[in-house]
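# Structure assessment
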Amino acid sequence: MQQLRRNRRLRTNDAIRSLVREHTITPHDFLVPLFVVEGKGIKEEILSMPGYYRYSLDVLKNEVKALWSLGLKSVLLFVKVLDGLKDNKGTEALNADGLMQRAIKTVKETTPDMLVMTDVALDPYSSYGHDGIVENGYVVNDETCKILAEISLSHAQAGADFVAPSDMMDGRILAIRELLEKENFKNTGIMSYSAKYASAFYGPFRDALDSAPVEMLHVPKDKKTYQMDVANRDEAIKETLIDIEEGADIVMVKPGLCYLDIVRDVRDVVDVPVAVYQVSGEYAMLKAAAEKGWLDHDAVMLEQIMAFKRAGAHIIASYFAKDVVRLLG
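The structure displayed is predicted, hence computed values, not measured ones.

## Some details on the pairing of strand β3 (residues 49–55)
In this sheet, β3 lies alongside strand β1 (residues 30–36) in parallel orientation, the contact comprising two bridges. Within the sheet, the bridge partner assigned to Val36 lies in β3 and is Tyr55. Of the pairings in the sheet, the one linking strand β2 (residues 43–46) to β3 comprises four bridges and is antiparallel in character. Within the sheet, the bridge partner assigned to Ile46 lies in β3 and is Met49. Following β2, the chain reverses through two residues before pairing antiparallel with β3.

## A few points about the pattern of salt bridges
Within the structure shown, the criterion is met by 17 salt bridges. A salt bridge links Asp83 to Lys86; the nearest nitrogen and oxygen atoms lie 3.6 Å apart. Residues participating in the shared-partner salt-bridge network are Glu38, Asp97 and Arg102.

## Some words on the packing of helix α7 (residues 234–246) against helix α8 (residues 260–269)
Axis separation between α7 and α8 bottoms out at 10 Å; the angle between their running directions is 45°. Taken together, the axes of α7 and α8 are oblique relative to one another. Pair α7 / α8 crosses with right-handed handedness. In contact with Ala236, Ile237, Thr240 and Leu241 of α7, α8 contributes Ile262, Asp265, Val266 and Val269. Looking at side-chain class alone, the contact of α7 with α8 contains six nonpolar, one polar and one charged residues.

## Looking at α7
With 13 residues, α7 extends 19 Å between its outermost C-alpha atoms, agreeing within 8% with the 18 Å of an ideal straight helix rising 1.5 Å per residue. Turning to α7, its buried residues number three or more, namely Ala236, Ile237, Glu239, Thr240, Asp243 and Glu246. As for α7, its buried residues are in contact with α5 (172–182), β9 (189–196), β10 (250–254) and α8. Gly247 occupies a position one or two residues after α7 and carries a positive phi of about 120°.

## Regarding a nonpolar patch on the surface
On the surface, Leu10, Leu19 and Val20 cluster together into a nonpolar patch covering about 300 Å² of accessible area. With respect to the secondary-structure elements, Val20 resides in the loop between α1 (14–19) and β1.

## A short note on the side chain of Arg177
Considering the arrangement of structural elements, one finds Arg177 in helix α5. When its relative accessible area of 11% is taken as the criterion, Arg177 is described as buried. There is a polar contact of 3.0 Å between the side chain of Arg177 and the backbone oxygen of Thr188. The residues touching Arg177, leaving out its near neighbours within four places in the chain, are Phe185, Lys186, Thr188, Gly189, Ile190, Glu246, Gly247 and Asp249.

## With respect to a negative patch on the surface
A cluster of acidic residues, Glu135, Asp142, Glu143 and Asp170, forms a negative patch at the surface. A relative accessible area of 36% means that Glu143 is categorised as partly exposed.

## Re empty space enclosed by the protein
Applying the stated criterion across every chain, the model contains two cavities of 30 Å³ or more. By volume, the second largest cavity amounts to about 80 Å³. Together, 13 residues line the second largest cavity, and Glu38, Val81, Leu85, Glu92 and Leu99 are the ones closest to its centre. The dominant element in the lining of the second largest cavity, judged by the number of residues it contributes, is helix α3 (residues 99–110), at four residues.

## Quick notes on unusual backbone geometry
Here the amide bond leading from Lys254 into Pro255 is cis, since omega sits at -5°, within 30 degrees of zero. Mapped onto the elements of the fold, Pro255 is located in the loop between β10 and α8. The backbone of Asn136 shows a phi angle near 50°, a positive value even though the residue is not glycine. Residue class for Asn136 comes out exposed when judged on its relative accessible area of 83%. Although it is not a glycine, Met168 sits at a positive phi angle of roughly 70°. For Met168, the position within the fold is in the loop between β8 (162–165) and α5. According to the relative accessible area criterion, Met168 is buried, its value standing at 5%.

Analysis parameters
Residues numbered from 1 in each chain as written. Predicted model: local features only at pLDDT ≥ 70, side-chain atom pairs only at ≥ 80, totals over all residues. Heavy atoms only, no water. Pairing = 2+ DSSP bridges. Helix = DSSP H or I, 4+ residues; strand = E, 2+ residues; numbered from the N terminus. Salt bridge = Lys/Arg side-chain N within 4 Å of Asp/Glu carboxyl O. Axes fitted to C-alpha atoms, helices over the stretch in contact; angles between N-to-C directions. Parallel < 35°, antiparallel > 145°, perpendicular 65-115°, else oblique. Left-handed = near helix turned anticlockwise from the far one by under 90°. Contact = heavy atoms within 4.5 Å. Nonpolar A, V, L, I, M, F, W, Y, C, P; charged D, E, K, R; others polar. Expected span 1.5 Å × (residues − 1). Buried < 20%, exposed > 50% of the residue type's maximum accessible area, 1.4 Å probe, protein only. Patch = residues over 30% accessible without salt bridge, like charges linked within 9 Å, V, L, I, M, F, W, Y side chains within 5 Å. Areas by Shrake-Rupley, 256 points an atom, 1.4 Å probe, with all protein chains shown as cover. Polar contact = N/O pair within 3.5 Å; in protein donor to acceptor, adjacent residues only side chain to side chain. Lys, Arg positive; Asp, Glu negative; His and termini not counted. Charge placed at Lys NZ, Arg CZ, Asp CG, Glu CD. 1 Å grid on protein atoms, 1.4 Å probe; cavity = no way out; pocket = protein on both sides within 12 Å on 5 of 7 lines; lining within 4 Å. Points joined across faces, edges and corners; volume = space filled by probe spheres on them.

This is the structure in structure tokens:
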């Protein structure tokens, strides 16, 4: 029988491959995480995240200008809080003149049209390194939700466009949405970390912010009582749908590469944008392998980003964002 169908005709050269390509990467796909510290003139490389930095507010101005010039229009802010300001209730998170609040204002004053999202969780502010209040060896839920809502309001008052609760407390989206509505911040969005797993890939991030759980008597040694079990798939859909019902505008899956099945599952059942977070451990692994000469850094980086798009992500939070955009030209 004569062979009439030859799929390779559509792979013959770069022109035809580009013409029929199903997915493309643009600067508009990215949400850029930024780490902020106190001080002046600081651009401090994170040891476990080569090529990624913590910025003081004055240097942050230059960084967001550089991002904007590359077409990167959305940032996700994280802060490294001084140890002396930490306590069990994250009191400093509500400081109207706190580092996060000043960081929001700095970005908005420097690049007014930049979309600013903010991390909402207690772990950067907690003396125990947990995403909530610790009582009798347990991270309590409802009391934590009240504080998370107050933190979100503080960020909105400072000028944040979106708040991004990353804590995985039950009911926190509703608590945040209701308080924002009550205080007339109806246009402040919520990007919920809806399917956030208790992953081993977060280590370098916790180094960056000094936010790992402390090992103390009567303090949980990890975050498995509130972050999701890595073995669970159906639970991710349940968590995500609840967050949407409670008022989430965007939902997120975290981490990324090991959870592409979850990204696809979520995309198939929701009618809101889906974000994925390519986390610090994923970044660090590629950097380490490339340094050894074991992988082609740029080729693997692009393949990973394309995998997120192919799985269905609308938004990709990635430490590679600048590298990818520069490579794409």
